[in-house]
Amino acid sequence: MSDSPDPVVERNVTEQLARFEHHRHGPIDRLQHFLHRYPTMVPVIVLILSLIIFGLISPNFFSAFNLSLIMQQVAIVGTLAAAQSLVVLTAGIDLSVGAVMVMISVIMGKLSIDFGVPVPIAIMIGLFCGALTGGLNGFLVTRLKLPPFITTLGTWNIFLALNYFLSGRETIRSQTLNAEAPLLKLFGERFTIGGAVLTWGVVLMLAVFAVLWYALYKTAWGRRVYAVGDDPEAAALAGIQTKRVLMSVYVVAGVICALAAWSSIGRVGSVSPTSFFESNLESITAVVIGGISLFGGRGSILGPLIGALIVGVFNSGLRLAGVDVLWQLFATGWLIIVAVAIDQWIRKISS
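Residues numbered from 1 in each chain as written. Predicted model: local features only at pLDDT ≥ 70, side-chain atom pairs only at ≥ 80, totals over all residues. Heavy atoms only, no water.

A. Looking closely at the pairing of strand E2 (residues 196-199). Here strand E1 (residues 190-193) pairs with E2 via four bridges, running antiparallel. Bridge pairing in E2 links Arg190 to Thr199. With antiparallel pairing between neighbouring strands as the criterion, E1 and E2 make up a hairpin whose turn holds two residues, including Gly194 at a positive phi of roughly 65°. (Pairing = 2+ DSSP bridges. Helix = DSSP H or I, 4+ residues; strand = E, 2+ residues; numbered from the N terminus.)

The structure is reproduced here in structure tokens:
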């Protein structure tokens, strides 16, 4: 019997390999790998298309006033989305961010107005309280090993109840803040660049994302955050103290929520215990549309900023087109579904 290879069999195997290689490097496969490598490109493309479409529908859409108004409107949700992003990157979720923000704004206002605490100290106490709320969530998740969803659902109710208790369900009016604590309204002050009118709250949002981008991509802490979110068991085997990393993530998220609380006072112009009631869900919306995977460990921190802008652009564009608020919510709902479907598609094919 000859030991030489069968030319027919060899040709068939070669043809099968050629077809396999062709399939693996088709346009859909290349698109999947590109999106897997650059997940932020999905929201970037959506944002660009949205700007083009609404710019064609409404001639006033690209006015400096309207574009700057969109930035002002997304400043609070965008800042909260930065905090939410950190938790989602670790494969968790924080339903309490909105309640934390409102409660901290009440604490800052009450200390300054009712107790005569100097405003800078009241703000520092508010930031410390934000860290404590994050520490509580982190403790429950890391030490008691409770699911983040259930944990933060519980603390959302706790912080909301404390908010109503501390405020007495009463609003501190704008006139009172102007007279006794104008620093609390700092991030609502406007300034002009060209024809655009922006607030310092927008600057704060951009600064928070810039700092988080540096921390996540240029420091060892950021690499550990991604590692824990991708595979906590593998991260632990690599020597990463996963509990400490998770705790730090929740604490930092709490501090960012406190910054958002300070910014929200300027945005609303008063300290209201009922303002931004749905901001926790809106922050999750920005994160999901921004391309951060709900399974953790994948996505760019800049994605939620783009996601918040997409929601702002949709709401503004539909409003200028005369579309009812009901259908704005309808469009946002489909944006969320499509964003999650794309994430699932990328994960499925890449595996």
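B. Up close: the UniProt feature "transmembrane region" (unreviewed entry) in the chain. Per the UniProt entry, the sites bearing "transmembrane region" (unreviewed entry) are residues 40-62, 74-107, 119-140, 146-166, 191-216, 245-265, 286-314 and 326-346 in this numbering. End-to-end, the C-alpha atoms of residues 119-140 are 32 Å apart, and along that stretch the chain is 100% helix and 0% strand. Measuring from the first to the last C-alpha atom of residues 146-166 gives 28 Å, for a span that is 90% helix and 0% strand. (UniProt positions renumbered as here; feature names shortened; annotations may be inferred.)

C. Focus on the side chain of Asn163. On the secondary structure map, Asn163 appears in helix H7 (residues 148-167). According to the relative accessible area criterion, Asn163 is buried, its value standing at 0%. A distance of 2.9 Å separates a polar side-chain atom of Asn163 from the backbone oxygen of Pro273. When sequence neighbours within four positions are dropped, the list of residues in contact with Asn163 reads Val102, Met103, Val106 and Pro273. (Buried < 20%, exposed > 50% of the residue type's maximum accessible area, 1.4 Å probe, protein only. Polar contact = N/O pair within 3.5 Å; in protein donor to acceptor, adjacent residues only side chain to side chain. Contact = heavy atoms within 4.5 Å.)

D. Summary view of the side chain of Ser167. When you line up the elements, Ser167 lands in helix H7. Residue classification places Ser167 among the buried residues on the basis of a relative accessible area of 2%. In this structure the side chain of Ser167 is engaged in a polar contact, spanning 3.0 Å, whose partner is the backbone nitrogen of Arg169. Contacts of Ser167, omitting those with residues within four sequence positions, involve Val106, Lys110 and Pro273.

E. Representation of a positive patch on the surface in the model. A surface patch of positive charge is lined by Arg143, Lys145, Lys243 and Arg244. The topology assignment puts Lys243 in helix H12 (residues 242-268). Residue Lys243 is classed as partly exposed on the basis of its relative accessible area, which comes to 34%. (Patch = residues over 30% accessible without salt bridge, like charges linked within 9 Å, V, L, I, M, F, W, Y side chains within 5 Å. Areas by Shrake-Rupley, 256 points an atom, 1.4 Å probe, with all protein chains shown as cover. Salt bridge = Lys/Arg side-chain N within 4 Å of Asp/Glu carboxyl O. Lys, Arg positive; Asp, Glu negative; His and termini not counted. Charge placed at Lys NZ, Arg CZ, Asp CG, Glu CD.)

F. Broad picture of the environment of Leu305. When you line up the elements, Leu305 lands in helix H14 (residues 302-320). Sequence separation between Leu305 and Glu278 is 27 residues, and the spatial gap between their C-alpha atoms is 18 Å. Residues within four places of Leu305 in sequence aside, it is in contact with Met205, Leu206 and Phe209.

G. Spotlight on the state of the cysteines. Under the counting rule described, the total for this entry stands at zero disulfides. In this structure Cys129 is a free cysteine whose sulfur lies 13 Å from that of Cys257, the closest cysteine sulfur available. On the accessibility criterion, Cys129 (18% relative accessible area) is buried. Classification of Cys257 as buried rests on a relative accessible area of 2%. (Disulfide = S-S within 2.5 Å.)

H. The arrangement of the packing of helix H5 (residues 97-113) against helix H6 (residues 119-142) in detail. Close contact between H5 and H6 brings their axes to 9 Å; oriented N to C, the two are set at 150°. It follows from the interaxial angle that H5 and H6 lie roughly antiparallel. The hand of the H5/H6 crossing is right-handed. The residues of H6 that touch H5, namely those facing Val100, Met103, Ile104, Ile107, Met108, Leu111 and Ser112, are Val119, Ala122, Ile123, Ile125, Gly126, Leu127, Cys129, Gly130 and Thr133. Here the contact of H5 with H6 is built from residues that sort into twelve nonpolar, four polar and no charged. (Axes fitted to C-alpha atoms, helices over the stretch in contact; angles between N-to-C directions. Parallel < 35°, antiparallel > 145°, perpendicular 65-115°, else oblique. Left-handed = near helix turned anticlockwise from the far one by under 90°. Nonpolar A, V, L, I, M, F, W, Y, C, P; charged D, E, K, R; others polar.)

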